[in-house]
Amino acid sequence: MIVNLLNPIVTHTSKKMMCDEEVVEQYLLTKNIHYFNLLYDRYTNKIYAKCVAMLKVEAKAEDATQEIFIKILLNLSKFTGKSKFSTWIYSITYNYCIDVIRKEVKENTVFVEDQLNIEIADDNCIENEMLEMNVHRLREVLKLMQVEDKSILLMKYQDDMSIKEICDVINKSESAVKMKILRAKERFLKIYRMEFKTSIQMV
Amino acid sequence: MSKNSFKELESLIINDRGTHSEVTKQNVQSNIIFIKFLGDIFELYGPNVVKVLQSISHVNNNSVKQNDTNSSTNNTFDL
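None of the values given here were measured: they were computed from a predicted structure.

## Section: the overall build of chain A
1) Next: Within chain A, the secondary structure is distributed over 11 helices and zero strands.
2) Next: Along the chain direction, N to C, the helices and strands of chain A fall in the order α-α-α-α-α-α-α-α-α-α-α.
3) Next: Counting across all 203 residues of chain A, residues that qualify as buried make up 32%.
4) Next: The long-range share in chain A, meaning contacts at least 24 apart out of those at least 6 apart in sequence, stands at 68%.

Below, the structure written as structure tokens:
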């Protein structure tokens, strides 16, 4: 009982598994560090993985994870519950990483013209190719992609975000998001071809 | 379930992370405690600091006004 009084989260967790929104609410009410630990344990690895995919260097990603968590905690009161908590923190993560990369003077990416000349007959064909690709190859291609393309592909295929959720994160219309996804996939394919000299099966 | 190389990449990165997670957690916690401490200090002494600044500005304004009146009187003497 004494333990429970000292650590209120024990009583909550013994009753049920708290959802993110409840944890946030409790943290804002009590400022108890145990609630922060819960959120941290749930999301630290996911955020770190996104930072590595975006920033390429593990040490930078670790620093970014730290900064992102501080940002999340300082802005927790601004979380309105309009979107899922995970969507909200992923949007902070992507926007933070995009800002970091933009601040860097020169980005080591392959230049891809806006007008793509690849003839893509079947969008599903590229999607299947991407999802079944060797992980190490995927990592190399992502390293060479522009940050906006990379983030939109991660949102769609790693976080399983819906088009609506992606719209909320990047503040664009549904049609603009769909177009951005398509363009990102085309650029992905182009870089993949250039790097690995393979031809993706075209329909 | 069909393969998703994006999710595989995520798990691969997480597995390679090792024990850095705990270090980062402690860093975040200490940062939060420090920010909280600064907030408490501001809450405690902020109003007093504002009062002191206001009183200083009042004193300065008064002295400026006095200087102005002195100079204007001096000017009349000169005239």
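## Let's talk about the overall build of chain B
1) Next: Secondary structure summary: chain B contains two helices and zero strands in total.
2) Next: Residues classed as buried in chain B amount to 9% of the 79 residues present.

## Here's the deal with the interface of chain B and chain A
1) Next: Listed by partner, the interface residues are 22 residues for chain B and 24 residues for chain A.
2) Next: Those elements that provide at least two residues to the side of chain B that touches chain A are α1 (5-17) and α2 (20-78) of chain B.
3) Next: Looking at the side of chain B that touches chain A, the element that brings in the most residues is α1(B), giving 10 residues.

## Quick word on unusual backbone geometry
All names here are of chain A.
1) Next: Residues other than glycine seldom take positive phi values, yet lysine 56 does so here, at roughly 75°.
2) Next: Relative to the helices and strands, lysine 56 resides in the loop between α4 (33-55) and α5 (58-74).
3) Next: In this structure, aspartate 160 is a non-glycine residue whose phi angle is positive, near 55°.
4) Next: Exposure remark for aspartate 160: the 11 C-beta atoms within 10 Å place this residue in the exposed category.

## Digging into the confidence of the model for chain A
All names here are of chain A.
1) Next: Per-residue confidence for chain A gives a mean pLDDT of 81, with 80% of residues at or over 70.
2) Next: Here residues 1-6 is modelled with pLDDT under 50, and outside its nearest four sequence neighbours on either side it reaches three contacts, counting other chains as well.
3) Next: Counting contacts from residues 111-117, a segment whose pLDDT is below 50, to residues more than four positions away or on other chains yields four contacts.

## Thoughts on helix α11 (residues 174-196) of chain A
Residues and elements named next belong to chain A.
1) Next: With 23 residues, α11 extends 33 Å between its outermost C-alpha atoms, agreeing within 8% with the 33 Å of an ideal straight helix rising 1.5 Å per residue.
2) Next: Along α11, the residues classified as buried are Val177, Ile181, Ala184, Lys185, Arg187, Phe188, Leu189, Ile191 and Tyr192.
3) Next: Here the buried face of α11 lies against α7 (123-131), α8 (135-144), α9 (147-157) and α10 (163-170).

## Description of the packing of α5(A) against helix α6 (residues 85-103) of chain A
Residues and elements named next belong to chain A.
1) Next: Relative to each other, α5 and α6 sit at 130°, their axes nearing to 10 Å. When the axis of α5 is compared with that of α6, the two are oblique. In this structure, the crossing between α5 and α6 has a hand that is right-handed. Facing Ala64, Glu67, Ile68, Lys71 and Ile72 of α5, the residues of α6 in contact are Ile89, Ile92, Thr93, Tyr96, Cys97 and Val100.
2) Next: Split into classes, the residues belonging to the contact of α5 with α6 amount to eight nonpolar, one polar and two charged.

How each quantity is defined
- Residues numbered from 1 in each chain as written.
- Chains lettered and ligands numbered in written order.
- Predicted model: local features only at pLDDT ≥ 70, side-chain atom pairs only at ≥ 80, totals over all residues.
- Helix = DSSP H or I, 4+ residues; strand = E, 2+ residues; numbered from the N terminus.
- Buried ≥ 20, exposed ≤ 12 C-beta atoms within 10 Å, placed from the backbone.
- Contact = placed C-beta atoms within 7 Å.
- pLDDT = per-residue confidence, 0-100.
- Expected span 1.5 Å × (residues − 1).
- Axes fitted to C-alpha atoms, helices over the stretch in contact; angles between N-to-C directions.
- Parallel < 35°, antiparallel > 145°, perpendicular 65-115°, else oblique.
- Left-handed = near helix turned anticlockwise from the far one by under 90°.
- Nonpolar A, V, L, I, M, F, W, Y, C, P; charged D, E, K, R; others polar.

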